[in-house]
Amino acid sequence: MTKVLKIDPLNPDEESLKEAVKLLREGEVIVFPTETVYGIGADAYNEEACRKIFEIKGRPSDNPLIVHIGSLSQLKEIADNYEPYMDFLEKFWPGPLTVIFPKKSKKISPVVTAGLPTVAVRMPAHPVAQKLIEMFGHPIAAPSANLSGRPSATNAKHVVEDFMGRVKMILDAGNAPFGLESTIIDLSKDHPVLLRPGPVEVEKLKEIFPELVVPDFVRSGKFSGKPLAPGMKYRHYAPSKPLILVENLEKMEGILRKYPNHIVICVEERKDLYRKKIVVGSLKKPYSIAQNMFAALREAEKTEKEYIIVEGVEERGILFAVMNRLRKAASEIVR
Ligand code: TXA
Ligand code: MG
């Protein structure tokens, strides 16, 4: 049985959170909102509980989880070598940023980190996530709350689609504000490495870390060789229908003709060009495109159309992250 509890995103009700905390203490798995996407979480210090997350998501056991903390004292418990980066952390935490540090604690099971010597840590800014971690008292290990390989869940309806009957509780706080997963930066190596672009933009990170390495796979979306983040080698974010990403818009007409039974995901500025379409956002408000893209993919797969055609956008700011997700989700990329 899954209990879906509506909760105010700004002033979360303590009684609901108490119920959620009780479940976490019992080693259960619950779904909660964050400012990026919904997370499916368990007690980060309870190996058995964390194992359940992998089972429920159908997640390969070599793909580690992000540990969500509520305070810097929890960072101390689980990570090493973070001291030189305190100014950086204080600037972006709480917020949509995940940092990889050497793992410290025996409290974090190898199940959570997939046996790696490092741990991914994030301090979320969403009031529900913050209050939940604070009341619970332990960090919460949580990947995005979608079945493995599917588009991330940005509202409770998406979570219900993937997990109804499979988790004890879903805290429903409406739409996730960013709608796109956190930026991941690896600070455990000689040079800082960007592992996943996100709401904290690369341009901002480069101001702080001019030597930031942005590997090719982050741009191309496709990976061959030894993955730096284990999750990279899997297809991700993919709807249940073929997704054609058209980066070269001059080729759009040809693609529309090649796949006549289609629905197009496009921006406000170009919507008049298409008949059957979902408008994802406006180029004037790039964050609106990020916010709605996963929801648009899930909406598109529910139509009777056979193909999902998505317009590519310019890889700047937050749209760099949007293109990273679309390239991973695409079954065909038109350049
Ligand atoms: O916004 C977010 O980050 C959301 C919310 C719920 O916080 N979480 C999220 O988790 O997107 P997930 O599991 O979908 O993506 C985490 C990524 C995976 O690609 C995983 O491989 C990588 O982080 N990762 C986790 N631990 C790592 C580590 N120690 N080293 C390198 N990559 C790691
Ligand atoms: Mg995910």
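See the structure printed just above.
Heads up: these notes are all about the structure in this document. For every chain, the first residue of the written sequence is number 1, and numbering continues from 1 onward in sequence order. Just so you know, chain letters begin at A and ligand numbers begin at 1, following the order they were written in. With the structure being a predicted model, the display of local features is reserved for residues of pLDDT at least 70 and the display and counting of side-chain atom pairs for 80 or more, all residues being used for whole-chain, interface and lining totals. As a rule here, side-chain values cover all heavy atoms of the structure and leave hydrogens and water aside.

1. Topic: the packing of aromatic side chains
The criterion, for reference: When the centres of two rings from Phe, Tyr and Trp lie within 6.5 Å, Trp using its six-membered ring, the rings pair. Their planes under 30 degrees apart give stacked, over 60 give edge-to-face, and anything left gives tilted. A run of H or I in DSSP becomes a helix once it reaches four residues, and a run of E becomes a strand once it reaches two; helices and strands are each numbered from the N terminus.
Throughout the structure, instances matching the rule amount to eight aromatic pairs. Where Y259 meets Y307, the ring centres are 4.5 Å apart and the plane angle is 45 degrees; that geometry is what we call tilted. Here Y307 lies in strand β14 (residues 307–311) and Y259 lies in the loop between α10 (252–258) and β12 (262–267), a separation of 48 residues in the sequence. Every member of this aromatic cluster is reached through a ring pair, and the members are Y82, Y85, F88, F92, F101 and F209.

2. Quick word on the site of ligand 1
Heads up, the rule is: The nearness test applies per residue and asks whether one of its heavy atoms lies within 4 Å of the molecule or strand. Side-chain atoms alone can form a polar contact between residues adjacent in sequence; in general such a contact is a pair of N or O atoms within 3.5 Å, and within protein one must be able to donate a hydrogen while the other accepts it. Note that accessible areas follow from Shrake-Rupley with a 1.4 Å probe, and for residues the cover is restricted to the protein chains shown.
Inspection of the region around ligand 1 gives 27 residues, with T36, R59, N63, H68 and S182 positioned closest. Between ligand 1 and T118, the relevant distance is 3.0 Å, taken from a nitrogen atom to a side-chain nitrogen or oxygen of the residue. R122 places a side-chain nitrogen or oxygen 3.1 Å from an oxygen atom of ligand 1. Here ligand 1 has 690 Å² of accessible area as a free molecule, and 95% of this is covered by the chains.

3. Observations regarding the pattern of salt bridges
For clarity, the cut-off: A carboxyl oxygen of Asp or Glu within 4 Å of a side-chain nitrogen of Lys or Arg is what we treat as a salt bridge. Throughout this description, buried means an accessible area under 20% of the type-specific maximum (1.4 Å probe, protein chains only), exposed means over 50%, and partly exposed covers the range between.
Applying the stated criterion to the full structure yields 27 salt bridges. Between E253 and R257 there is a salt bridge, with its nearest N and O atoms 3.6 Å apart. Placement of the pair is E253 and R257 together in helix α10, with a separation of four residues, close to one helical turn. Each member of the pair, E253 as well as R257, is classed as exposed. The structure contains a network of salt bridges with shared partners spanning R150, E161, D162, R298, E301 and K302.

4. Notes on the environment of E90
Relative to the assigned elements, E90 resides in helix α4 (residues 86–92). Take E90: its relative accessible area is 51%, and that puts it in the exposed class. On a C-alpha basis, the gap between E90 and V313 in space is 32 Å, while along the polypeptide they are 223 residues apart.

5. Notes on the packing of helix α11 (residues 286–302) against helix α12 (residues 318–329)
Spelled out, the test is: Between N-to-C directions, angles cover 0 to 180 degrees, with each direction set by a line fitted to C-alpha atoms, over the stretch in contact for helices. Under this scheme an angle from 65 to 115 degrees is roughly perpendicular, one under 35 degrees roughly parallel, and one over 145 degrees roughly antiparallel; angles in between are oblique. Crossings are classed by handedness, with left-handed meaning an anticlockwise turn of the near helix from the far one by less than a right angle and right-handed meaning a clockwise turn. Any pair of residues with heavy atoms lying within 4.5 Å of one another is described as a contacting pair.
Between α11 and α12, the least distance of the axes is 8 Å, while the angle of their chain directions is 25 degrees. Comparing the axis directions of α11 and α12 gives the class roughly parallel. The two elements α11 and α12 meet at a crossing, and its hand is left-handed. Across the interface between the two elements, P286, Y287, I289, A290, M293 and F294 from α11 touch I318, L319, V322, R325 and L326 from α12.

6. Brief notes about the sheet that holds strand β13 (residues 277–281)
How we decide: Two strands qualify as a pair provided that DSSP identifies no fewer than 2 bridges between them.
Read from one edge of the open sheet, five strands run β13-β12-β14-β11-β15, paired in parallel fashion. At either margin of the open sheet sits one strand with a lone partner, and together these are β13 and β15 (332–334). Along the sheet, successive strands turn relative to each other by an average axial angle of 20 degrees, direction set aside. As paired strands, strand β11 (residues 243–246) and β14 are joined by four bridges and run parallel to one another. Among the inter-strand pairings, L243 is bridged to a residue of β14, identified as I308.

7. Here's the deal with the side chain of N146
Assignment of secondary structure puts N146 in the loop between β7 (140–141) and α7 (156–163). Under the relative-accessibility criterion, N146 is labelled buried at 3%. Only 3.2 Å separates the side chain of N146 from the backbone oxygen of R150, close enough to count as a polar contact. Setting aside anything within four residues of it in sequence, one finds N146 in contact with K57, P151, S152, A153, D162, F163 and R298.

8. Points about the layout of surface pockets
What counts here: Points on a 1 Å grid, built from protein atoms alone, make a cavity when a 1.4 Å probe fits but cannot get out and make a pocket when they are open with protein on both sides within 12 Å along at least 5 of 7 lines; residues with an atom within 4 Å of a point are the lining residues. Grid points are joined across faces, edges and corners, and a volume is the space filled by probe spheres set on the points. Under the grouping applied here, Gly and all other residues not named as nonpolar or charged are polar, the nonpolar ones being Ala, Val, Leu, Ile, Met, Phe, Trp, Tyr, Cys and Pro and the charged ones Asp, Glu, Lys and Arg.
Reported here for the second largest pocket is a volume of approximately 180 Å³. Lining the second largest pocket, in full, are L256, P260, H262, V264, L273, Y274, R275, K276 and K305. Considering only residue class, the lining of the second largest pocket consists of five nonpolar, one polar and three charged.

9. Considering empty space enclosed by the protein
Within the structure shown, the criterion is met by one cavity of 30 Å³ or more. Taken as a whole, the largest cavity spans an internal volume of roughly 50 Å³. Lining the largest cavity are I265, C266, V267, V280, I289, M293, V310, E311, V313 and V322. The set of elements that each furnish at least two residues to the lining of the largest cavity consists of β12, α11 and β14.

10. A short note on the sheet that holds β7
Here 10 strands make up an open sheet; going across it, the order is β1-β8-β2-β3-β7-β4-β6-β5-β9-β10 and the pairing mixed. Each of the sheet's edge strands pairs with one partner strand only, and the pair in question is β1 (3–6) and β10 (193–196). In this sheet, strand β3 (residues 39–43) lies alongside strand β2 (residues 30–32) in antiparallel orientation, the contact comprising three bridges. Residue pairing across strands places I30 opposite G41, the latter belonging to β3.

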